Number of protein chains: 2
Amino acid sequence: MYGEKSRIIYDTLIKNHLVGSEGSIKIELLGVSYLVNDKSSIGNLIQEWLGAWMLKNNIYFRAPDNSQEFPDFYLDNSEIKNLLEVKCFDFSASPNFDIANFDAYIRSLLTKPYRLDADYLIFGYTLHNGILKIENIWLKKIWEITCPSEQFSLRVQVKQGKIFNIRPYNFKNMSQGYKPFGSKREFIFALRNTLNEYKFRNISGDSWYKSFLSVGN
Amino acid sequence: MYGEKSRIIYDTLIKNHLVGSEGSIKIELLGVSYLVNDKSSIGNLIQEWLGAWMLKNNIYFRAPDNSQEFPDFYLDNSEIKNLLEVKCFDFSASPNFDIANFDAYIRSLLTKPYRLDADYLIFGYTLHNGILKIENIWLKKIWEITCPSEQFSLRVQVKQGKIFNIRPYNFKNMSQGYKPFGSKREFIFALRNTLNEYKFRNISGDSWYKSFLSVGN
């Protein structure tokens, strides 16, 4: 199910004992050397570290020109397969990272349906007294880290009735209650149904789904 | 005009030759030691470094419990004066950081009008091959780093007609064209007028300004 290249990365990280290993982030300027202890930058920094680690381990990758774009890494010459997204979360809490902006994701699937097949490499870390510890890593498909919620067919971040981001299922604890989707197909249906349920939608779920099918899915 | 505590910080940084000095940010994990070269985390990291630098230089400060909150640093026991905001931008381009979310800023002034008097300590940096260089620093009031624009009385980031963030005047080059406001009063009027000009407003500028005056300004 997972891309062969992502699988190699995940397996090599596990074999090299990344889980349980400790590191640090140090900023030096004007004679002050400081171990970073604020979590707001950790996700970006782990992603950048992963690039350096792949380079050292002779694993081919390239990143889009704009680092805000999807995906975080291309793992071969193709732009439609072996796509890797990197996500990080503070392991002392539940995973609560933004998987993607809901509107942008829905729209992007009409031109880039292969986005559904991207692999997610997820780092659960802790940061105490400047020690960054990798507590666990996961390789996942999007439908394995998403689930329904009480309000919508897909768990999303809602502010003043408006949907912002797609938010994860608690795969860390494999929490009871709403369970993750069983397949890509179920996840796509949840996108369609959420659009149908959503009063601020620009497009109905049914017409989005029709467009989605028409681009060859 | 600037707070006495911010002034000490700015003067000490200048005296210690921060401008022109070089530093680095290094992440170490699993035997890979890497000098960070991606700009997305630099703002957060410089802010954290500043805390460490103040500690080393015996300058009193404390941060709000939630690092997302205003201000970045309290510089004395008061919660209404000697407030410091830290902003950073890539000196190879024009300043384009978010000064504040427009809606939230407008709303916050009704309960925290002293926010208008916060000092802004601004770092212009470059980052090449893992070398972080501080090219310049500024101490500013909000009305000195904001200006009108063609579309609104205040320069703001607009997406699909909606106002998101307050965006800076190019104080790096002191650019021609729209100039920064001359006083706090002019800036407040620009907030009021922008609300009046804005079709998605929740509140008219005039009624916002009336509420603002009624809280004792």
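Up top you'll find the structure we're talking about.
So, here's what we can say about the structure.

Scoring rules and cut-offs
- Residues numbered from 1 in each chain as written.
- Chains lettered and ligands numbered in written order.
- Predicted model: local features only at pLDDT ≥ 70, side-chain atom pairs only at ≥ 80, totals over all residues.
- Helix = DSSP H or I, 4+ residues; strand = E, 2+ residues; numbered from the N terminus.
- Rg over C-alpha atoms; globule rule 2.2 N^0.38 Å.
- Buried ≥ 20, exposed ≤ 12 C-beta atoms within 10 Å, placed from the backbone.
- Contact = placed C-beta atoms within 7 Å.
- Pairing = 2+ DSSP bridges.
- Least-squares fit on C-alpha atoms with pLDDT ≥ 70 in both.
- Axes fitted to C-alpha atoms, helices over the stretch in contact; angles between N-to-C directions.
- Nonpolar A, V, L, I, M, F, W, Y, C, P; charged D, E, K, R; others polar.
- Expected span 1.5 Å × (residues − 1).

### Remarks on the overall build of chain A
Counting its secondary structure elements, chain A contains 5 helices and 9 strands. In summary, chain A has a C-alpha radius of gyration of 18 Å against a globular reference of 17 Å for 217 residues, a match within 12%. Referenced to the eigenvectors of the C-alpha coordinate spread, the extents of chain A come out at roughly 60 × 40 × 35 Å. Expressed as a percentage of the 217 residues in chain A, the buried residues total 35%. Within chain A, residue pairs in contact and separated by at least 24 positions form 61% of the contacts whose partners lie at least 6 positions apart.

### Considering the sheet that holds strand β8 (residues 156-159) of chain A
For sheets, the rule is that strands pair by backbone hydrogen bonds, running either parallel or antiparallel. All names here are of chain A. As summarised here, the arrangement of the 3 strands in space is β5-β9-β8, forming an open sheet in which the pairing is antiparallel. Where the open sheet ends on each side, the last strands, each with one partner, are β5 (100-101) and β8. Taken together, the 3 bridges between β8 and strand β9 (residues 162-166) define a ladder with antiparallel strand orientation. In the sheet register, Val156 faces β9, and the bridge partner there is Ile166.

### Quick word on the relation of the copies chain A and chain B
When chain A is brought onto chain B, the operation consists of a screw motion whose angular component is 180° and whose axial shift is 0.0 Å, with 0.0 Å RMSD remaining. Seen this way, the second copy is the image of the first under a two-fold rotation axis. When the interface residues of chain A are mapped onto chain B, 100% of them again fall at the interface, so both copies present the same face.

### Side note on unusual backbone geometry
Residue and element names in this part refer to chain A. Looking along the chain, the bond that leaves Phe70 and enters Pro71 is cis, with omega of -10°. Residue placement: Pro71 occurs in the loop between α2 (42-56) and β3 (73-74). Here the phi dihedral of Leu30 falls at roughly 50°; this positive angle occurs in a residue that is not glycine. Residue placement: Leu30 occurs in the loop between β1 (22-29) and β2 (32-35). Take Leu30: there are 17 C-beta atoms within 10 Å of it, and that puts it in the partly exposed class. For Asn129, which is not glycine, the phi dihedral falls at a positive 50°. As for its placement among the helices and strands, Asn129 is situated in the loop between β6 (119-128) and β7 (131-140).

### Considerations on the packing of helix α4 (residues 184-197) of chain B against helix α5 (residues 205-214) of chain B
Residues and elements named next belong to chain B. For the pair α4 and α5, the least separation of the axes is 7 Å and the interaxial angle reads 145°. Of α5, the residues touching α4 (which contributes Arg192, Asn193, Thr194, Leu195 and Asn196) are Gly205, Asp206, Trp208 and Tyr209. In terms of residue class, the contact of α4 with α5 is built from 3 nonpolar, 4 polar and 2 charged.

### What about helix α2 (residues 42-56) of chain B?
Compared with the 21 Å implied by 1.5 Å per residue over 15 residues, the 21 Å span of α2(B) between its first and last C-alpha is a close match. With respect to burial, α2(B) is a largely interior element, 11 of its 15 residues being buried. Those residues of α2(B) lying buried are B:Ile42, B:Asn44, B:Leu45, B:Ile46, B:Gln47, B:Glu48, B:Trp49, B:Leu50, B:Gly51, B:Trp53 and B:Met54. Of the surrounding elements, those touching the buried residues of α2(B) are β1 and β2 of chain A together with α1 (4-15), β1 (22-29), β4 (83-90) and β6 (119-128) of chain B. In the segment just after α2(B), B:Asn58 is the residue with positive phi, at about 55°.

### Re the pairing of strand β9 (residues 162-166) of chain B
All names here are of chain B. Of the pairings in the sheet, the one linking strand β5 (residues 100-101) to β9 comprises 2 bridges and is antiparallel in character. Looking at the pairing, Asn101 lines up with Asn165 of β9. Once strand β8 (residues 156-159) ends, the chain turns through 2 residues before running back antiparallel as β9, passing Gln160 with a positive phi of about 50°.

### Remarks on the interface of chain A and chain B
You'll often see interface size given as the accessible area lost when the parts meet. Each partner contributes residues to the interface: chain A has 26 residues there, and chain B has 26 residues. Looking at the side of chain A that touches chain B, the elements with two or more residues in it are β1, β2 and α2 of chain A. By residue class, the composition of the side of chain A that touches chain B is 13 nonpolar, 8 polar and 5 charged. Here β1(A) runs beside β1(B); their pairing, made up of 5 bridges, is antiparallel. Paired with A:Lys26 across the bridge in β1(B) is B:Lys26.

### Some thoughts on the environment of A:Phe152
Residues and elements named next belong to chain A. Mapping Phe152 onto the fold places it in the loop between β7 and β8. Each C-alpha atom, one on Phe152 and one on Asn196, is 9.5 Å from the other, the two residues being 44 residues apart in sequence. With sequence-adjacent residues up to four places away left out, Phe152 is seen in contact with Thr194, Glu197 and Tyr198.

### Quick notes on the pairing of β2(A)
The side chains of a regular strand alternate between the sheet's two faces. All names here are of chain A. Here β1 runs beside β2; their pairing, made up of 4 bridges, is antiparallel. Within β2, the residue paired with Glu28 across the bridge is Ser33. Two successive antiparallel strands, β1 and β2, enclose a turn made up of 2 residues, where Leu30 displays a positive phi of approximately 50°.

### Some points on the environment of B:Phe73
You can see B:Phe73 is positioned in strand β3 (residues 73-74). In this structure, B:Phe73 is in contact with B:Phe61, B:Ala63 and B:Leu84, ignoring residues within four places of it in sequence.

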